[in-house]
Amino acid sequence: MRSIAFIIVFCTVISNITSQVNFDNYEPIQCEGVIPDDFLESFKLDALENITRLENENKAVFKARRKFILSNYDIMGETLKGGAILFGDPVSEYLSRLLDKILIDKPDLRKKLRIYAIRSGYTNAYCTQQGIILVTMGILSKVKSEAELAFILMHEISHFTENHLIERVVETVKTRKTGGYKFAYYSDIIEELLQRSQDNELECDSIAAEYLNRSEYSDQVVDNVMDILLRTHLPFEESRIDISMFNDNTFKIPSFFEKKSLDEINLNEKKFDVYSTHPNVRTRKKAIKRIIAGKENNNSKKFLVSQSKFNEIHEIAKFETINAHLYHKEYGEAIYCASALQKKYPQSEFLKNAIAFSLYGLSKYATQNDLHKAAKSVRTVQGESQQVHHLFRQLSKAQINALAIHYINALRKTDATNKVLTEMVKNLILDMPYLGTTIEDITNSSEIVQEKDIEEFNLISDKRERIKAKRALQKKYKLFYLYGLKNDFKNADLIEFYNEAIDEYNYAQKVDNMSGIERYRFEKKKY
């Protein structure tokens, strides 16, 4: 089959930190202002200066440090230049102001640190050996207060001040040199390294907890932060989604494509952590409670910089998390998050387009038999978002293609000037001949009456019988999508796109059946 290029669109706008964001007309944030030195060649020079300072150390330790610093700077340098890390944007500016507040009594330390937001849907924050703190949009979309964010940042700062990253490398080299690993099993070595990592995490937790305890922030938010860690595998909010979100007067996905009961969310605080770099949440909560027990600060403040600004950044992070899902082709997550956020912002063009781009991507992957690359297995997903992933695992290639055409075409009607949507519809229609969807079948289709079958299906209680009946109904009504497209293909543009698709399909079939010399002569004659 011919190769089909994906259309990836990024809308850009320069945002002003003092402006009020209109989320109904949201545009993804972009870098602004002077490029920081971290993104320039001076970043590499800083690495070489750090290495020069270590030349008087033990030779083996020096080699290990040198290798770590250079590789770390190379990786970080590529990351900084890759476009995922933001600077001068509203989110990074706010984070910088918060860092100023946290380190107001430590100006020398503050000068060594830089902080940036990063376009990623993962729930994470980390500090590099160079003093660069990166905070993902994923974690910003989940924290509920400035105090929670302050704890997270102080934890990452502690990794920098305690020099944890490079000291792990040095300790490993020293142990090797003294023969500490000579007669050890590999599993014992791994356990020792992981235990050291867990000890570092607990040390940083204690420093962050002590900071909150001494600060004006409430120190009662620590449990909230730990609960966020339990939910890293979940989206920024749990909101009920059903497949009727794609239905309208003509296009109706039968209800037996829906998952009746979703898997329970697993929030195990006592998770087995022997082979993990981080202690489990229960261990961390207990350790923190021991530190602040009896000396709680009784402060109730959760915001010191600006509550209104935090709330705005929190919402921006949700939109940017969806943008990150799109960029990483995590289309199921993008559809779920956009649908959940539509309940608050039903008029948002960004959210409508996010769903359109996701449907387009899913259809393209499905057409090329690569749906597994863009839609997760239902067994790997928990919570309400499981419904979305389940749906696209149930639908066929032709059904997904029809759903994408119908949704994007409906959106195109509301914005006739949007040429991207038109190109997406055209490109999807090009796939129809390969999927066996013909305009004749669409024209001759009639509305499917399925109410009686659905009533009988809903009465089945036995799990196995229900699965068998569900598969039988999906097979019986597999052409439901044809009637769903009937009104769409009354449009002259779509008929023209289909005729072009047929011409291209016939041409491709003709060329595929030619021998090498015949194809050469045919192409030469054509041009």
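Reading the values: rules and limits
- Residues numbered from 1 in each chain as written.
- Predicted model: local features only at pLDDT ≥ 70, side-chain atom pairs only at ≥ 80, totals over all residues.
- Heavy atoms only, no water.
- Helix = DSSP H or I, 4+ residues; strand = E, 2+ residues; numbered from the N terminus.
- Buried < 20%, exposed > 50% of the residue type's maximum accessible area, 1.4 Å probe, protein only.
- Areas by Shrake-Rupley, 256 points an atom, 1.4 Å probe, with all protein chains shown as cover.
- Core = buried A, V, L, I, M, F, W, Y, C linked by side-chain atoms within 4.5 Å.
- Contact = heavy atoms within 4.5 Å.
- Salt bridge = Lys/Arg side-chain N within 4 Å of Asp/Glu carboxyl O.
- Phe/Tyr/Trp six-rings, centres within 6.5 Å; stacked < 30°, edge-to-face > 60°.
- Pairing = 2+ DSSP bridges.
- Axes fitted to C-alpha atoms, helices over the stretch in contact; angles between N-to-C directions.
- pLDDT = per-residue confidence, 0-100.

Enquirer: Help me understand the overall build of the chain, please; the structure alone is not making it clear to me.
Expert: Looking only at helices and strands, one finds 23 helices and three strands in the chain. Buried positions account for 50% of the 527 residues belonging to the chain. Just so you have it, the chain exposes about 27100 Å², and 50% of that area is on carbon and sulfur atoms.

Enquirer: Can you walk me through the nonpolar core in this structure?
Expert: Most often, soluble globular proteins keep nonpolar side chains buried together rather than apart. Counting residues in hydrophobic clusters, the biggest one holds 121 residues, and the most contacted among them are Phe 246, Ile 322, Phe 392 and Ile 429. For this core, the leading source of residues is helix α13 (residues 349–367), giving 11 residues. Excluding residues within four positions of it along the chain, Phe 246 makes contact with Phe 251, Ile 253, Ile 335, Ile 355, Leu 359, Leu 391, Phe 392, Leu 403 and Tyr 407. Ile 85, Phe 87, Tyr 116 and Leu 134 belong to the second-largest nonpolar core, a separate cluster that totals eight residues.

Enquirer: Sorry, what's going on with the pattern of salt bridges here?
Expert: Two side chains of opposite charge can pair, provided their charged atoms sit close to one another. Within this structure, the stated rule accounts for 19 salt bridges. Between Lys 301 and Glu 216 there is a salt bridge whose closest N-O contact spans 3.3 Å. Taken together, the residues Lys 301 in the loop between α10 (281–292) and α11 (307–327) and Glu 216 in the loop between α8 (186–214) and α9 (222–230) connect sequence positions 85 residues apart. The exposure class assigned to Lys 301 is partly exposed, which follows from its relative accessible area of 40%.

Enquirer: Sorry if this is basic, but what is going on with the packing of aromatic side chains here?
Expert: For any pair of aromatic rings, the description rests on two quantities: the centre-to-centre distance and the angle between the ring planes. Applying the stated criterion to the full structure yields 19 aromatic pairs. On the basis of an interplanar angle of 85° and a centroid distance of 5.4 Å, the ring pair of Tyr 26 and Phe 350 is categorised as edge-to-face. On the criterion of sequence distance, the pair formed by Tyr 26 in the segment before α1 (42–52) and Phe 350 in helix α13 is long-range, its members being 324 residues apart. The exposure class assigned to Tyr 26 is buried, which follows from its relative accessible area of 5%. A relative accessible area of 9% means that Phe 350 is categorised as buried. Ring geometry for Phe 480 against Tyr 481: centres 6.2 Å apart, planes inclined by 90°, an arrangement best described as edge-to-face. Both residues of the pair, Phe 480 and Tyr 481, belong to the buried class. Through a chain of ring-to-ring contacts, three or more aromatic side chains come together here, namely Phe 251, Phe 256, Phe 257, Phe 457, Tyr 477, Phe 480 and Tyr 481.

Enquirer: Could you clarify how one ought to interpret the sheet that holds strand β2 (residues 125–127) in this entry?
Expert: Hydrogen bonds between backbone groups are what pair the strands of a sheet, and the pairing can be parallel or antiparallel. An order of β1-β3-β2 is seen for the three strands of this open sheet, with the pairing classed as mixed. Of all the strands in the sheet, just β1 (114–118) and β2 have a single pairing partner and so form its edges. This sheet shows a mean twist of 15° between the axes of neighbouring strands, independent of strand direction. As paired strands, β2 and strand β3 (residues 132–136) are joined by three bridges and run antiparallel to one another. Counted as the bridge partner of Tyr 126 is Leu 134 from β3. Contacts from helix α3 (residues 90–102) reach β1 and β3 within the one sheet, and its direction differs from that of β1 by about 145°. Along the sheet face, helix α6 (residues 146–161) touches β1, β2 and β3 and points at about 25° away from the line of β2.

Enquirer: Help me understand the pairing of β1 in this model?
Expert: Consecutive residues of a regular strand have side chains that alternate between opposite faces of the sheet. With four of five residues buried, β1 is to be regarded as a mostly interior element. Across five bridges, β1 lies against β3 in parallel orientation. Bridge pairing in β3 links Ala 117 to Val 135.

Enquirer: Help me understand the confidence of the model for the chain in this model?
Expert: Detail in the predicted coordinates should be disregarded across regions flagged by low pLDDT. Overall, the prediction assigns the chain a mean pLDDT of 83, with 81% of residues at 70 or greater. Within the model, the stretch residues 1–18 combines pLDDT values under 50 with 43 contacts to residues more than four positions away or in other chains. Throughout residues 173–191 the model reports pLDDT below 50, and contacts reaching past four residues in sequence, or to other chains, amount to 18 contacts.

Enquirer: Mind showing me how you'd approach the side chain of Ser 445 here?
Expert: Relative to the helices and strands, Ser 445 resides in the loop between α18 (439–444) and α19 (451–459). On the basis of relative accessibility, which here comes to 11%, the residue Ser 445 falls in the buried class. Non-local contacts of Ser 445, meaning those with residues more than four positions away in its chain, are made with Leu 482, Tyr 483 and Lys 486.

Enquirer: Looking at this structure, how should I read the pairing of β3?
Expert: Counting buried positions along β3 gives five out of five residues, so the element sits mostly inside the fold. Taking every second residue as pointing to the same face, both faces of β3 are buried, with Ile 132, Leu 134 and Thr 136 on one and Ile 133 and Val 135 on the other. Counting the residues in the hairpin turn of β2 and β3 gives four residues, including Gly 131, whose phi is positive at 90°.

Enquirer: Teacher, can you tell me more about the environment of Asn 409 here?
Expert: Within the fold, Asn 409 resides in helix α15 (residues 397–414). Judged by its relative accessible area of 0%, Asn 409 is buried. Put simply, Asn 409 and Asp 488 are 79 residues apart on the chain and 7.4 Å apart in space, counted from C-alpha to C-alpha. Leaving out residues up to four positions away in the same chain, Asn 409 has contacts with Val 425, Asp 488 and Leu 494.

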